[in-house]
Structures are given as C-alpha cells and as structure tokens.
There are 2 protein chains.
Amino acid sequence: MNTGTKQPTINDVAAMAGVSKRTVSRVINASDKVNQATRARVLEVIDQLDFTPNRQARGLAARRSYLIGLVYDIPTLFISDVQRGVLNVCEDTGYELVVHACHTDSKEAITNIVKFVTRARVDGLIICSPVSEIDGLEPALKKAGCAYIRFTSTLGSGPRKRVVTDYLPAISDMTRHLVEFGHRDFGFISGPRGNISARKRHESFVRALAEYDLELPKNMIVEGAFTFDSGVAASRKLLSRNPQPTAIFAANDEMAFGVMNVAAEKGIKIPEELSVVGFDGTPFATFVVPSLSTIIRKTDEMSRLATLKLLALINEGTDALLKFETLVSPQFIPRQSTGPVPAKKGS
Amino acid sequence: MNTGTKQPTINDVAAMAGVSKRTVSRVINASDKVNQATRARVLEVIDQLDFTPNRQARGLAARRSYLIGLVYDIPTLFISDVQRGVLNVCEDTGYELVVHACHTDSKEAITNIVKFVTRARVDGLIICSPVSEIDGLEPALKKAGCAYIRFTSTLGSGPRKRVVTDYLPAISDMTRHLVEFGHRDFGFISGPRGNISARKRHESFVRALAEYDLELPKNMIVEGAFTFDSGVAASRKLLSRNPQPTAIFAANDEMAFGVMNVAAEKGIKIPEELSVVGFDGTPFATFVVPSLSTIIRKTDEMSRLATLKLLALINEGTDALLKFETLVSPQFIPRQSTGPVPAKKGS
DNA sequence: CTGAAAGCGCTAACAC
DNA sequence: GTGTTAGCGCTTTCAG
C-alpha cells in the first residue's frame, strides 16, 4: 500500500547522471566537495526523476532519523500554537515532527518518554512544560543519548538546553496597571502547587507587589488547578473574604473565566466592581464580555527558537546553543476586565 | 547524539537466544510459525537486553515506516482532540504519529500533501476537514500509493475510506428544541461557502426547519468565516433585520461567541430576548455567561474509528474497512443560551 | 518449524 | 573532486 509506482532511488539518479552514488549522496547532503557542473547535472536529474531520498535508508546508514519529537501533557491551544511554530521550522529544514502525549504525574513518565525516544528514534525532543520540569528527566534523556530543548520558567546555568519564559516583566506591568488604578486588595488564584511555572507566576506576582510595598495576604491566595471549575471554586472563596479583593489575578485564562462566571452569577460587575486578569492570551479572552485583560505568551517566537536550538544542537553540538537567545518575555495586554478600583462601600 | 550506549540489535538477541535472526524476526512480527518454547526464550532475551527493533531498518526492509500522518489545516481545539484520539490508538499499536499542517486554499495543497507523504514515507494518512474535501486529493493519494482515511460530512459509496459526520440528527434536535420554545424567526450564520462541512450544516438546518414547515429567508442567512470577527459582523447584520430573528444558529462556537458579544453590546439579553446556538462543543462554551447551547462532536470516537480503519486498511487491505462503522453523530446540548421566544414587541 | 543468504536505499571510510 | 566498498539492522525468498 505504500509506494505505487516504484520510486526512483539514488542508483537511478547516479546512472542517469553518469556519476557514482557517492556523488549523488554528496549533492543530497549539500557537501561542498562537488564540482559545480556535476552538482548541477545531478540536481537536474533529481528534479527530472522527482527523486526523494528515502529517509529510512538515509537514517539507517547515518544513524539519524530526521525526526524530531514534541512532548506535551494536556493538549491545549497553547500546545497547538507551539506545534505550529515547530512545524514551520521543520518544513524548512527537512525534518518531520512526531508528537507524543504523556502524563506528567505518572510514575512512569520518564520511562514512557525514554521508550518513545527509542521506539520512534527521534533525533531530538522539544519538551513542553510541565513535562519539561519532571525531576530526573534530563539525566534519563542524556543517558538515552537524546538531544532535547525544554520549555521552562527557571533560568539556569550550564548548557542552554532550554527556552526560558521570564514572567516578571509582564506581571510587573500588570501589577502597575492595577496599582495605578488604585487597587490595593488583590486576590490570587494560583496553579497547582506541583507546577513550577505556576509557582513562578506566583513568585513574580509577590515580587511585583513588593515594589509597591504591597503584600499578598495568605487568605487572598487560593490554589487552583488551571481548570475552569477550579477557578470557579477559588473565586467563590476569594469573594467571600472580608475585605473582598478588588482585583483578582488568575494564573491562567481558564481560571479567570471561572472568576468572571462567578462574578456574573453574584451580580458583581466587571470591571466596575472587580478587576480580573488572566494569563495565557487564549483567543477566547477576546471573545468574552467584557474582554479579559491577560498576559500573552509569544508562542511563535518560543517554538521557533526552541526548534532552531534543537536542530543546532543535533547538527552542530552543544556549542552552537550559545548563538541563541534563551529568554522570552510574555506581554501584558490590558482589556476591558480591568478598571479603576470601586469606591469603598458605605463611603 | 543519537544512541548513547549502543543499542542491542536483532543479532545480539539471536546470538544470545541461540537461534537465527530469522526466528527473532518472526517473534517480533508475531508470526505463529514459531515453537512455543523458542518464542518464550527469545522473548526473554529481548526483555533482558531491553531490545527495541530499529524501526528504520525494519521499515527499509519491509517497505513500511510504521508512521502515520495527521493532516489538518488550522490547528484548533477540535484538531487537538482528534490528535489525542489518534495518538491513543497509535500508542497501542506501535505506530508513531507525524503531523502536517497545510493550507486548504493553496493551489499547491495537493502537491504539498503528496510531497509530505513521500518525504515522511508515512504508511497512511488521516485527513481532517476541510483538507479532506479538496478536489483531486484522493486520486493524487491513490497515485502516490498512500492509504488514507478522511473525515467528511458527505456519505458516499465505494470503499469506505472515510469517517462521516452526519449533522442532521443533532441539528434536528436543536431545531425542535427551539421550535418548542416558540421560535419561528431564525437567523443563520454559515461557514465559508467553499467549506463542504459548512454547507452540510446549512442544508441540515434548512431540512430540519422544513419539518415544521418553516423556512430560512435569504436575508436571515449570513455567510461567516468560522471566526469570531465574522460572527460579530454577521450578527450585526442579522440583528438589524426586521423582524429581528429570535434565535440565531451559528455554524461554529466561535461565531456564536461573536453573536453573544454583539448582543451584550446592544443590551440584548440572552436567552430572554435572543437564543443563540453554536456548533462544536468547545470547552469555552461552558465558560461563557450564559453558557452556550451547542452541538458537540464526538472527537474521541471519530478519531479512534478513523485510526483503527486506517491501520486495518494498511495491514489488511480495503476489505477490512467493511468491519467498521462509518457514521458518527454529534449531539445537541442545550444550555443557558437558549430559552422561550420573547413576547412580541408592543404586545 | 528453522536457518542462510541476499538485499532494502543510503552513508562513510578510504582510496584514487 | 570522485569512485569503491562495506555495512546500518532488519525482512524475505528459498532451502532444509
């Protein structure tokens, strides 16, 4: 069922061009040790025959697969976007993208990923958060001899096999925006405690508030699970506090939608009585009424960078990583869900 | 950078088990012509050595790749879900999933897909709509000798290389729901004219209305583009008609969100003054206020079915397709955005 | 039921 | 610059 009319091979090309396989191989692999004229002739024959080198044979001989893997946990719009970015680079470079979903929390997560790597024989891996934060994953991958680039929010030293999202600048902007609107009583809905990105968002928010000598009281922090329902539950708690927060920052958009939902149910007007901010910049943030102020991530830049780094790592080795940026900064986008602090009750 | 400690090969296994490669090969490929005892011994050695057959070598010799491809246009949550479903089946069957995004409207769409197939050497393809509806794609794929299963909304005869979504039942349910609520004046926001799925939704709605001797006047139909903005634009038009529609059906959720947005802006209350229905069952439909009545698609069932069909087609040939279902029906889910028709103005 | 030998289509030393 | 010669790790005739 695979190849209808048999595809031409490197031998056909060699014969037709009157050169040896080796020369054709050199042309395919863009070696510079080929005479201009010879190269031209070979290329012409390749084109004429519509020859596509067999990736399996190539890989078998060269101990590569020309495949890269994308590993993620839950598929989200963010992941879709990353996938698209990676795919764009792949297309330009002759790599194919193999995808793999896995459960970060599973005890066998590492085994599972290593198995994927050996089964699929990918040349390298791009690992999305939170899978990328699994303890012990890096050594396991190193042991398996697999190149990888991780998305993370922790800046580290050493070989730069990572693309780091620095949350602080955007969260600072967001905080200033709210403080300038007069807000002093903030509520925060965090992501799951185990999630490093979530913790980083939390930390960044605390640091940003500290710039204004503001604190985030313990009872104004509720742990969520990055889901809508957890956002609903958390905001119910926050809105029952006294004093009530005048602004709530949710660690992702989905939970922010939960806040908006509860507010609607309680008749609390956004932004007149409550400001809400999300995180992620899902398209839906612009669809809701009022539109959600949020922090958007630059998925295209992130994924492009990660892929280029990975390919450089595969083809040129660790040193090549130094040529690249490591940091990516999201951006705060104020929309309709944030506004001036309401006048004090009873005043 | 690929294989750290050299991986064991079939030769190692053969030597260690004291049999020939051929026998190991038979065991790997689950041939029944192997003695129980021999098989057991081989399996034990395989386990002991942690041997994973090299997919490239296997593929090269057997003229297969053990790769299947997923082709789509725009990445959406629907596509993510499909991808997950496909991946689940792949994992159980030793196939890997290679993804490919392409532009349906491009003149080179077919060439692009055929190139992908020959480059990646996938054993088969799962093609999402609207890519799956491209004219001439099927013959091109047949010519390239590539197995495929398409998602489509058109039931056809011949070999069943498709998984068909039949919109009518769910749209009928939705229509009944609205008619029973007293609605008679309907607005419809279609998908792009060129999109067959979109046309099918339109047709189904017209047929469903006909059951109640209702018609969809021309000025109550506005073409959208499956985007939020197009939903906004379309609903502005519809809501300026006289008489105004009391219920609007949008051919996807995103456009329905556009309707809700315009309604909010105009102070039109949903569902008291206007009922809104979407199509797709995105999670966000439950996040908005009021929650959106919509028609959900059974992505898991669809993608599972498509993948099983594809694998059967690859491994057993066309006849095997007959063992499978072809039809999948979405389901109408009433939520808060639909309600009784408002009392006539001025009455 | 099992084995020996011949490739699958390509790359990689090593000559020339 | 280019050709020759071995394989990469597996499946597949064809014998036995």
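Because the structure is a prediction, the values reported are computed rather than measured.

Draft legend 1. Here's a closer look at the nonpolar core. With 94 residues, the main nonpolar core has Phe257(A) and Phe257(B) as its most contacted residues. Other than its neighbours up to four places away in sequence, Phe257(A) contacts Phe228(A), Thr282(A), Phe284(A), Ala285(A), Val288(A), Leu292(A), Phe284(B) and Phe287(B). The next biggest cluster of nonpolar side chains, apart from the first, holds 57 residues, and it includes Leu70(A), Met302(A), Ile149(B) and Met302(B).

Draft legend 2. A look at the sheet that holds strand 7 (residues 221–223) of chain A. Residues and elements named next belong to chain A. Reading across from one edge, 7-6-8-9 is the order of the 4 strands in this open sheet, with parallel pairing throughout. Edge positions in the sheet fall to strand 7 and strand 9 (275–277), since each has one partner strand and no second. For this sheet, the mean angle separating the axes of adjacent strands, direction not counted, is 15°. Bridge analysis of strand 6 (residues 186–190) against strand 7 gives 3 bridges, and the strand direction is parallel. Bridge pairing in strand 7 links Phe188 to Ile221. Against the sheet, helix 10 (residues 228–239) contacts strand 6, strand 7 and strand 8 (247–250), and its axis sits at roughly 155° relative to strand 6. Contacting strand 6, strand 8 and strand 9, helix 11 (residues 253–266) runs over the sheet at an angle of about 160° to strand 9.

Draft legend 3. Examining the domain arrangement of chain A more closely. Along its sequence, chain A is organised into domain 1 (10–62), domain 2 (67–166 + 299–329) and domain 3 (168–297). Here the C-alpha centre of domain 3 of chain A lies 58 Å away from the C-alpha centre of domain 1 of chain A.

Draft legend 4. Highlighting the sheet that holds strand 6 (residues 186–190) of chain B. All names here are of chain B. Ordered in space as 7-6-8-9, the 4 strands form an open sheet in which the pairing is parallel. A single partner strand is all that each edge strand has here, and the edge strands are strand 7 (221–223) and strand 9 (275–277). Averaged over all pairs of adjacent strands, the angle between their axes in this sheet comes to 15°, without regard to strand direction. In the sheet, strand 6 pairs with strand 8 (residues 247–250) via 4 bridges, with the strands oriented parallel. Considered in strand 8, the bridge of Phe188 is made with Phe249.

Draft legend 5. The protein's contact with DNA strand C, seen in detail. By nearness alone, 25 residues border DNA strand C, and Ile10(A), Lys21(A), Ser25(A), Thr23(B) and Thr38(B) come closest of all. Here the atoms of DNA strand C within 4 Å of the protein split so that 62% fall in sugar or phosphate, with bases taking the remainder. The contact in question runs from a base nitrogen of DNA strand C to an N or O atom on the backbone of Ala57(A), over 3.3 Å. Between DNA strand C and Arg58(A) there is a distance of 3.1 Å, counted from a phosphate oxygen to a side-chain nitrogen or oxygen. Taken together, the elements giving at least two residues each to the surface near DNA strand C come down to helix 2 (21–28) and helix 4 (55–62) of chain A together with helix 2 (21–28) and helix 4 (55–62) of chain B. Sorting elements by how many residues they give to the surface near DNA strand C places helix 4 of chain A first, with 4 residues. Its residues placed into classes, the surface near DNA strand C shows 10 nonpolar, 8 polar and 7 charged.

Draft legend 6. Structural view of helix 12 (residues 299–316) of chain A. All names here are of chain A. The end-to-end C-alpha separation of helix 12 is 25 Å, in line with the 26 Å expected for 18 residues at 1.5 Å each. Buried residues of helix 12: Thr299, Met302, Ser303, Leu305, Ala306, Thr307, Lys309, Leu310, Leu311, Ala312, Leu313 and Ile314, and no others. Looking at the buried side of helix 12, the elements it contacts are strand 1 (67–72), helix 5 (77–93), strand 3 (124–127), strand 4 (147–152), strand 5 (162–165) and strand 11 (327–328). Gly317 sits one or two residues past helix 12 and shows a positive phi near 95°.

Draft legend 7. Broad picture of the environment of Leu313(A). Residue and element names in this part refer to chain A. By secondary structure assignment, the location of Leu313 is in helix 12. Leu313 gets classed as buried once you look at its relative accessible area, which sits at 1%. Sequence separation between Leu313 and Arg160 is 153 residues, and the spatial gap between their C-alpha atoms is 10.0 Å. Once you skip the residues sitting within four places of it in the chain, Leu313 turns out to touch Ala147, Tyr148, Ile149, Lys161, Thr318 and Leu321.

Draft legend 8. Seen up close, the relation of the copies chain B and chain A. Each copy superposes on the other: chain B lies on chain A with an RMSD of 0.1 Å after a rotation of 180° and an axial shift of 0.1 Å. Classification of the inter-copy transformation places it as that of a two-fold axis.

Draft legend 9. Examining the protein's contact with DNA strand D more closely. Taken together, 25 residues lie near DNA strand D, and Thr23(A), Asn35(A), Thr38(A), Ile10(B) and Lys21(B) sit nearest. If you look at DNA strand D and keep only atoms within 4 Å of the protein, 60% of those are sugar or phosphate atoms. At 2.4 Å, a side-chain N or O of Lys21(B) approaches a base nitrogen of DNA strand D. Contact between DNA strand D and Asn29(B): a phosphate oxygen at 2.9 Å from a side-chain N or O atom of the residue. Looking at the surface near DNA strand D, the elements that each hand over two or more residues are helix 2 and helix 4 of chain A together with helix 2 and helix 4 of chain B. Looking at the surface near DNA strand D element by element, the count peaks at 4 residues for helix 4 of chain B. Each residue belonging to the surface near DNA strand D can be placed in one class, and the counts come to 10 nonpolar, 8 polar and 7 charged.

Draft legend 10. Main features of the environment of Met260(B). All names here are of chain B. The residue Met260 is located in helix 11 (residues 253–266) in this model. According to the relative accessible area criterion, Met260 is buried, its value standing at 8%. For Met260 and Thr76, which are 184 residues apart along the polypeptide, the C-alpha to C-alpha distance reads 21 Å.

Draft legend 11. Summary view of unusual backbone geometry. Note that the residue after Ile270(A), namely Pro271(A), is joined by a cis bond; omega there is 5°. With respect to the secondary-structure elements, Pro271(A) resides in the loop between helix 11 and strand 9. With an omega of -5°, the peptide bond running from Val289(B) to Pro290(B) counts as cis. Mapped onto the elements of the fold, Pro290(B) is located in the loop between strand 9 and strand 10 (294–296). Residue Asp213(B) is not a glycine yet carries a positive backbone phi of 55°. With relative accessibility at 72%, the residue Asp213(B) sits in the exposed group.

Draft legend 12. Structural context of helix 2 of chain A. Residues and elements named next belong to chain A. Among the residues of helix 2, those classed as buried are Thr23, Val24 and Val27. Angularly, the buried residues of helix 2 cover 100° about the axis, an arc narrow enough to put them on a single face. On its buried face, helix 2 is in contact with helix 1 (10–17) and helix 3 (36–49).

Draft legend 13. Structural detail: the pattern of salt bridges. Residues and elements named next belong to chain A. On inspection of all chains with the given rule, the structure shows 20 salt bridges over all chains. Between Arg150 and Glu138 there is a salt bridge; the shortest N-O distance is 3.6 Å. One end of the pair, Arg150, is in strand 4; the other, Glu138, is in helix 7 (residues 137–143), with 12 residues separating them in the sequence. Judged by relative accessible area, which is 28%, Glu138 ranks as partly exposed. The salt bridge involving Glu223 is made with Arg193; its shortest N-O contact spans 2.5 Å.

Draft legend 14. Local environment of the side chain of Gln83(B). With respect to the secondary-structure elements, Gln83(B) resides in helix 5 (residues 77–93). In terms of polar contacts, Gln83(B) uses its side chain to reach the side chain of Tyr72(A), at 2.9 Å. Discounting residues that sit within four places of it in the chain, Gln83(B) has contacts with Tyr72(A), Gln83(A), Val99(A), Leu70(B), Leu97(B) and Val99(B).

About the thresholds
Counting of residues starts from 1 at the beginning of each chain's written sequence and follows it residue by residue. Following the order in which they are written, the chains are lettered starting with A and the ligands numbered starting with 1. Two thresholds apply to this predicted model, a pLDDT of at least 70 for residue-level local features and 80 or more for giving and counting side-chain atom pairs, whereas whole-chain, interface and lining totals are computed over all residues. Excluded from the side-chain calculations are hydrogens and water; all other atoms, namely the structure's heavy atoms, are used. What we call a nonpolar core is a set of buried Ala, Val, Leu, Ile, Met, Phe, Trp, Tyr and Cys residues that are connected through their side-chain atoms within 4.5 Å. Each residue gets one of three labels from its accessible area relative to the maximum for its type: buried under 20%, exposed over 50%, partly exposed in between, using a 1.4 Å probe on protein chains only. Contacts are residue-level and defined by heavy atoms, with any inter-residue pair within 4.5 Å sufficient. Strands are labelled as partners when DSSP assigns at least two bridges between them. Secondary structure elements follow DSSP: runs of H or I of four or more residues count as helices, runs of E of two or more count as strands, with numbering from the N terminus. Think of each axis as a best-fit line through the C-alpha atoms, taken over the contacting stretch in the case of a helix, with angles from 0 to 180 degrees between the N-to-C directions. An automatic or database domain assignment supplies the residue ranges for each domain. For this purpose, a residue is taken to be near a molecule or strand whenever a single non-hydrogen atom of the residue falls within 4 Å of it. N or O atoms within 3.5 Å of each other form a polar contact, as long as, within protein, one can give a hydrogen and the other can take it, and as long as residues adjacent in sequence are counted only when both atoms are side-chain atoms. Only Asp, Glu, Lys and Arg are considered charged, only Ala, Val, Leu, Ile, Met, Phe, Trp, Tyr, Cys and Pro nonpolar, and every remaining residue, Gly among them, polar. In a helix, the anticipated span is given by 1.5 Å times the number of residues less one. Residues below a pLDDT of 70 in either copy are left out; the C-alpha atoms of the rest, at least 70 in both, set the least-squares superposition of the copies. An arc is given here, and it is the one of the directions from the helix axis to the C-beta atoms. Counted as salt bridges are all cases of a side-chain nitrogen of Lys or Arg within 4 Å of a carboxyl oxygen of Asp or Glu.

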